[in-house]
Amino acid sequence: MDLEYSRHIPAKEVQQIIDAAADFFDDIGFCIDSRWMKEYKNPQRDIVSTLSLISFSREKADKIPKILEKLPERYSVTVGAHWTNPKWAVTLISNKKASKGLGLRYIQEKVKITKEETIAVGDGASDVPTMRYAGLKIAMGNAEPELKQMADYIAPSVSEDGLVEIFNKFIR
């Protein structure tokens, strides 16, 4: 399997992405050393694994993936509702070989379980890739519409004890 464990976006590409998408986002976040930061202060030292481009409208955010297709490198790009303000949208950009789905596939291979033996649970756009590798797909009640469409089962939201319901119903 072609999987990279610690794949980042090189500093030069981070800047290319920002420049290309500048007209379509209103705020930005950088995942550096597994922490979300508002600034990218030291490109020579800081390793960016994911960019978060926050747009105050979904219409603007939906244009970002097509813009990024024009860049020389390919990325894993997901667009979904912002986690604190559902009127906003967030575009998460990471290395094309770094997704939750590929991580789940890696675990399946390491512990020798099949897709049919795997449950994926999610609520956000970044969880969509995990659903492709799961036999049972569960969306939380507050999940993105795309995730709910893929789901075999829709659980109550986390705040309504949806995870407890999932464990009681599906985990033996």
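Summary of the structure given here.

Rules behind the numbers
- Residues numbered from 1 in each chain as written.
- Predicted model: local features only at pLDDT ≥ 70, side-chain atom pairs only at ≥ 80, totals over all residues.
- Heavy atoms only, no water.
- Helix = DSSP H or I, 4+ residues; strand = E, 2+ residues; numbered from the N terminus.
- Rg over C-alpha atoms; globule rule 2.2 N^0.38 Å.
- Buried < 20%, exposed > 50% of the residue type's maximum accessible area, 1.4 Å probe, protein only.
- Areas by Shrake-Rupley, 256 points an atom, 1.4 Å probe, with all protein chains shown as cover.
- Salt bridge = Lys/Arg side-chain N within 4 Å of Asp/Glu carboxyl O.
- 1 Å grid on protein atoms, 1.4 Å probe; cavity = no way out; pocket = protein on both sides within 12 Å on 5 of 7 lines; lining within 4 Å.
- Points joined across faces, edges and corners; volume = space filled by probe spheres on them.
- Pairing = 2+ DSSP bridges.
- Axes fitted to C-alpha atoms, helices over the stretch in contact; angles between N-to-C directions.
- Core = buried A, V, L, I, M, F, W, Y, C linked by side-chain atoms within 4.5 Å.

With that settled, consider the overall build of the protein. Across its full length, the protein carries seven helices and eight strands. In terms of C-alpha radius of gyration, the protein reaches 17 Å, essentially the compact-globule figure of 16 Å for 172 residues. The principal-axis extent of the C-alpha atoms belonging to the protein is close to 50 × 35 × 25 Å. Looking at the protein as a whole, 41% of its 172 residues qualify as buried. Accessible surface, the protein: about 10300 Å² in total, of which carbon and sulfur atoms supply 51%.

With the rule as written, the count across this model stands at eight salt bridges. Of the charged contacts in the structure, one is a salt bridge between aspartate 46 and arginine 45, with a shortest N-O distance of 3.0 Å. Here aspartate 127 and lysine 100 are joined by a salt bridge, their closest N and O atoms 2.8 Å apart. Highlighted residues: aspartate 127 in the loop between β6 (119–122) and α5 (128–131) and lysine 100 in helix α4 (residues 100–111), separated in sequence by 27 residues.

Attention now goes to the layout of surface pockets. Approximately 950 Å³ is the volume found for the largest pocket. Trp36, Thr50, Leu92, Lys100 and Ser126 are the residues nearest the centre of the largest pocket, which is lined by 41 residues in total. Elements represented by at least two residues in the lining of the largest pocket include exactly β3 (48–55), β4 (75–81), β5 (89–95) and α4.

Bringing the sheet that holds strand β1 (residues 27–32) into the picture now. Think of a sheet as strands paired side by side through backbone hydrogen bonds, with each pair either parallel or antiparallel. Taken in spatial order, the five strands make up an open sheet running β2-β1-β3-β5-β4, and their pairing is antiparallel. What marks the edges here is a single partner per strand, and that holds for β2 (35–37) and β4. Between one strand axis and the next, the sheet turns through 20° on average, direction left out of account. In this structure, β3 lies alongside β5, joined through six bridges in antiparallel fashion.

With 20 residues, the main nonpolar core has Val14, Ile17, Phe30, Leu51 and Ile93 as its most contacted residues. Elements with a contribution of two residues or more to this core: α1 (11–21), β1, β3 and α3 (64–68). The biggest single contributor to this core is α1, with four residues. Membership of the second largest hydrophobic core comes to eight residues, among which are Val128, Met131, Ala134 and Ala143.

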